[in-house]
Each structure stands twice: as C-alpha cells, then as structure tokens.
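Structure assessment
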Amino acid sequence: MEIYVLGLLGSPRAGGNSDLLLDSFLAGAQESGGETEKLILNELQIRPCQECGGCDGTGICIQEDRMREVYPKLEKAHIVAVASPIFFSGVTAQLKAMIDRCQCNWVRRYRLGRPPQDTPSPQGHKDRLGVFLSVRGQMGRGIFDAAGPAR
Ligand SMILES: Cc1cc2nc3c(=O)[nH]c(=O)nc-3n(C[C@H](O)[C@H](O)[C@H](O)COP(=O)(O)O)c2cc1C
C-alpha cells in the first residue's frame, strides 16, 4: 500500500521558510515512494470553530466551508506534516483554525466512540504519524515550547 503524506502549510507566506521546509519534507517522502499532497491553509479560508455544539451528536461539523475538503484527507493520511512559523509563541491563526475545527473528530472518536469520518477500516490508520515543522524569528530558549508537541 502506498503511503499518503499530507502536508499542511500554516504560514501565510507562500515560498517562505515554513513552505521551503514543508516542500523539502514532501520531496523526501515522494522520493521514498510516498504519495504526497500539500494544502495551503491560507487559501482555504477556514472559519474558526464556533463552539456551537453542532457536532455533539454526530461528530460532524455543521459549518460549510473548505474544511470539508480537509477532513477526508486527514483521515486518509498515514503521515500528516504540519508546517508553521511561530507567531506570538503559538502557531499561526490559519493553522489554529484548522486544528480547532477538528473538535468534531475528537467528539466522534472520544465522546461517541465511533471511528473517524471517511476511514476505510473501522480502526482507521492506527499508526498515523504527525510531524511538526516550525521556524522562528527570535533567538532564545523555549520559543517552540507552546506550539510544539508535548514532551
Ligand atoms: C505576527 C507575527 C508574530 C511573530 N511572533 C514570533 C514569536 O513569537 N517568536 C518568534 O521567534 N518569531 C516570531 N515571528 C517571526 C516568524 O516566526 C518568522 O519571521 C518566520 O521565519 C516566518 O516564517 P515563514 O517564512 O514560514 O512565514 C512572528 C512573525 C509575525 C509576522
């Protein structure tokens, strides 16, 4: 089975530092035989989560925007690579909006106990990997701490 690698660009700067890092990561994945795809979140104009509870009973977000294109790709992905610069110690608003809109997947899996959306097997990809690529402007320690994965 071919490995599908989904790249999500959180930076608003096409061709910027995060974009270069992500392209390089995806090129490596492709050279290794993976199928790759890059989504530029800034172009998708994903609305923030409204905490409306619309997904509480179904695990499906009721907002109708281009996040609907992202959900099936997240489910299909064996590897999700996220690239974002540090903006005020966190990730960019574009990426944070996308992350928060995954609340419906959290509800679906952990509250309703159902498999994720559009997943071919009931278990989904148990071994899905996440990669976080990030850049910063400031020198110093701890710049990535709030945005990066918990250690
Ligand atoms: C709104 C904004 C907030 C930023 N906040 C931080 C920060 O808290 N810490 C830091 O090290 N750099 C910060 N930066 C600098 C960016 O992380 C840096 O310029 C980065 O290289 C941009 O990456 P890009 O080319 O992928 O967009 C900030 C830049 C902007 C525009």
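Residues numbered from 1 in each chain as written. Predicted model: local features only at pLDDT ≥ 70, side-chain atom pairs only at ≥ 80, totals over all residues. Heavy atoms only, no water.

1. Quick word on the site of the ligand
Looking at the ligand, there are 15 residues lining it, with Ser11, Arg13, Ser18, Ile86 and Phe88 nearest. Side-chain polar atom of Arg13 to an oxygen atom of the ligand: 2.6 Å apart, as the coordinates give it. Gln138 places a main-chain nitrogen or oxygen 2.8 Å from an oxygen atom of the ligand. When the ligand sits alone it has 640 Å² of accessible area, and the protein chains cover 73% of it. The residue makeup of the shell around the ligand, split by class, is six nonpolar, seven polar and two charged. (Near = heavy atom within 4 Å. Polar contact = N/O pair within 3.5 Å; in protein donor to acceptor, adjacent residues only side chain to side chain. Areas by Shrake-Rupley, 256 points an atom, 1.4 Å probe, with all protein chains shown as cover. Nonpolar A, V, L, I, M, F, W, Y, C, P; charged D, E, K, R; others polar.)

2. Brief notes about the nonpolar core
In terms of nonpolar packing, the biggest core is built from 26 residues, with Leu8, Ile46, Met67, Val70, Leu74 and Met98 touching the most fellow members. Looking at this core, the elements that each hand over two or more residues are β1 (4-9), α2 (41-44), α3 (67-76), β3 (79-85), α4 (93-100) and α5 (103-111). Ranked by residue count, the leading element in this core is α3, at four residues. Once residues lying within four places of it in the same chain are set aside, the contact partners of Met67 are Ile46, Leu74, Met98, Arg101 and Cys102. In terms of nonpolar packing, the next biggest core, distinct from the first, is built from nine residues, Val5, Leu22, Ala29 and Ala81 among them. (Core = buried A, V, L, I, M, F, W, Y, C linked by side-chain atoms within 4.5 Å. Buried < 20%, exposed > 50% of the residue type's maximum accessible area, 1.4 Å probe, protein only. Helix = DSSP H or I, 4+ residues; strand = E, 2+ residues; numbered from the N terminus. Contact = heavy atoms within 4.5 Å.)

3. Remarks on the packing of aromatic side chains
A complete count under the given rule lists one aromatic pair for this structure. Over the face of the ring belonging to Tyr4 we find Lys76, whose NZ or CZ atom lies 4.0 Å from the ring centre. (Phe/Tyr/Trp six-rings, centres within 6.5 Å; stacked < 30°, edge-to-face > 60°. Lys NZ or Arg CZ within 6 Å of the ring centre and 35° of its normal.)

4. Here's the deal with the pairing of strand β2 (residues 35-40)
A regular strand places its side chains on the two faces of the sheet in alternate fashion. Pairing of β1 with β2 involves six bridges; the strand directions are parallel. What sits directly across from Leu8, in β2, is Leu39. Between β1 and its parallel partner β2, the chain crosses via helix α1 (residues 17-31), and the hand of that crossover is right-handed. (Pairing = 2+ DSSP bridges. Right-handed = clockwise from strand over helix to strand, strands pointing away.)

5. Here's the deal with the pattern of salt bridges
The tally for this structure, following the rule as stated, stands at nine salt bridges. Here Glu75 makes a salt bridge to Arg128, at a shortest N to O gap of 3.6 Å. Taken as a pair, Glu75 in helix α3 and Arg128 in the loop between α5 and β4 (129-135) lie far apart in primary sequence, 53 residues in all. (Salt bridge = Lys/Arg side-chain N within 4 Å of Asp/Glu carboxyl O.)

6. Digging into the side chain of Arg108
With respect to the helices, strands and loops of the structure, Arg108 is situated in helix α5. The side chain of Arg108 sits in the buried core without any salt bridge; Glu75 is the nearest counter-charge, 7.1 Å away. At a separation of 3.2 Å, a polar atom in the side chain of Arg108 contacts the main-chain carbonyl oxygen of Thr58. (Lys, Arg positive; Asp, Glu negative; His and termini not counted.)

7. Details of the environment of Val135
Mapping Val135 onto the fold places it in strand β4. Separated by 49 residues in the primary sequence, Val135 and Ile86 place their C-alpha atoms 6.2 Å from one another. Those residues within four positions of Val135 in sequence are excluded, and the remaining contacts are Asn17, Ser18, Leu21, Ser84, Pro85, Ile86 and Phe144.

8. A few points about α5
For α5, every residue scored as buried is listed here: Cys104, Asn105, Val107 and Arg108. Down the axis of α5, the sector holding all buried residues measures 160°, keeping them to one side. On its buried face, α5 is in contact with α3. Among the residues trailing α5, Gly113 stands out with phi positive, at a value near 65°. (Arc of directions from axis to C-beta.)

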